[in-house]
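Topology and contacts: notes
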Amino acid sequence: MSVQCVVYVMAVISGHCVLSWQGIGRDCENDADCSNIENSFCNPSMYDMCDCKGGYVVDVTYTKCLKGLGSTCSGESDCKAISQATCVSGICACPANFVAGSFDNKCLRKVEHGGVCEESIQCYYSKRTRCLNGRCVCKTGYNYTGQKCVGTSGLGEPCTDDVDCIVPGDPNQDTVRCFNYQCDCKRGYKRSGDRCGIGGDCRNNADCSDIENSFCMPSWYYSCRCKAGFVADVTYTKCLKVIGGECLTDEDCSSVANSFCDTQSQNRYSCKCREDHVAVANSTKCLKVIGGACSTYTDCSHIENSFCDATSSICKCTGGYIAVENNAKYFPGYYFCITVAEFIRTILKNFL
């Protein structure tokens, strides 16, 4: 009389039923030895052990092979073997702000610099990151700029990737690249000492494509310049929208704080400063004026000799000073505060 055993957990040895592992990881000689586990095979690269086929992952009991990331699905239940996974357009995938773990059996949350992590892949914010002691950090030789991990190689120094290069005033590497294994300025920029600035040589607009809102200007000896309605920022590395520049929506003017797109004009829509603000710094900033609303002293701090009046909640000149409007002839600039004596001297000087 032969002895029969419970499927997957018993085996006949010397006429007796004894416990024997029948799940993923059991010894095998061919695929038939793993046939009790659907979607498995005998893997020779795993020392002849039963393993899940490609696109499948083992469940927590190690007795089933379930659909993994990238496999087809018709609903969330088809992806239940992967922690946090969801069925997206018929494919098991990680949801937004998650990445696939090393073994494709779990989705791990993306982590910012300094955040808690399990694997380096979670430290998605830069190329040169790793998970060290449970925290996302920059790899050795790279420093965090507030957005990414960058190297320490300056212009003309050796590199293997763009992230190896850094120049003063450009912590996020907007102007520098690794070219022919040396740090160099990006297309459209030119070297100025140890920095890169707008104005690089060009043959056509494509040569200026690394600088948003720029073009190749033939009359300037074919060099990259900011388009009309834009002006170089103080670092001379970006072309920013200026007050007066054309727009369609407020978003088009978003590079200038406290501005909006004026759509009331019959001729063209343009960026303008909001009420109680005036354009300064080559029309790249909108700042509060005397008489403008305020809530703290910092709202008026850009106007010398002014303060935020707590009673009226508007910017006022301090005692002994009077407000002067923008006047190109007598008082170039923006609304500011001067002494009465200075005001009289300036007027008399222009009349005498």
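Our subject is the structure that appears above.
Residues numbered from 1 in each chain as written. Predicted model: local features only at pLDDT ≥ 70, side-chain atom pairs only at ≥ 80, totals over all residues. Heavy atoms only, no water.

With that settled, the discussion passes to the overall build of the chain. A tally of helices and strands in the chain yields one helix and 30 strands. Looking at the chain as a whole, 36% of its 352 residues qualify as buried. Here the contacts in the chain between residues at least 6 apart in sequence split such that 23% fall between residues at least 24 apart. (Helix = DSSP H or I, 4+ residues; strand = E, 2+ residues; numbered from the N terminus. Buried < 20%, exposed > 50% of the residue type's maximum accessible area, 1.4 Å probe, protein only. Contact = heavy atoms within 4.5 Å.)

Before going further, it helps to examine the pattern of salt bridges. On inspection of all chains with the given rule, the structure shows seven salt bridges. Put simply, D161 and K127 hold a salt bridge, and the shortest N to O gap is 3.1 Å. Of this pair, D161 sits in the loop between strand 14 (149-150) and strand 15 (176-179) while K127 sits in the loop between strand 10 (107-109) and strand 11 (129-132), and the two are 34 residues apart along the sequence. Relative accessible area serves as the criterion here: at 52%, K127 is assigned to the exposed category. Taking the shortest distance from any N to any O, the salt bridge between D309 and K316 comes out at 3.7 Å. In this structure K316 comes out as partly exposed when scored by relative accessible area, which is 32%. (Salt bridge = Lys/Arg side-chain N within 4 Å of Asp/Glu carboxyl O.)

Our focus in this paragraph is the state of the cysteines. On inspection of all chains with the given rule, the structure shows 21 disulfides. Paired by a disulfide, C28 and C42 hold their sulfur atoms 2.1 Å apart. Between C28 and C42, the S-S dihedral sits near 90 degrees, and the bridge is therefore right-handed. Of this pair, C28 sits in the loop between strand 2 (16-19) and strand 3 (40-43) while C42 sits in strand 3; the two residues are 14 residues apart in sequence, bridging distant segments of the chain. Under the relative-accessibility criterion, C28 is labelled buried at 7%. Assessed through its relative accessible area of 8%, C42 is described here as buried. A disulfide bridge connects C138 with C149, and the sulfur atoms are separated by 2.0 Å. With the S-S bond torsion at -80 degrees, the cross-link from C138 to C149 turns out left-handed. (Disulfide = S-S within 2.5 Å.)

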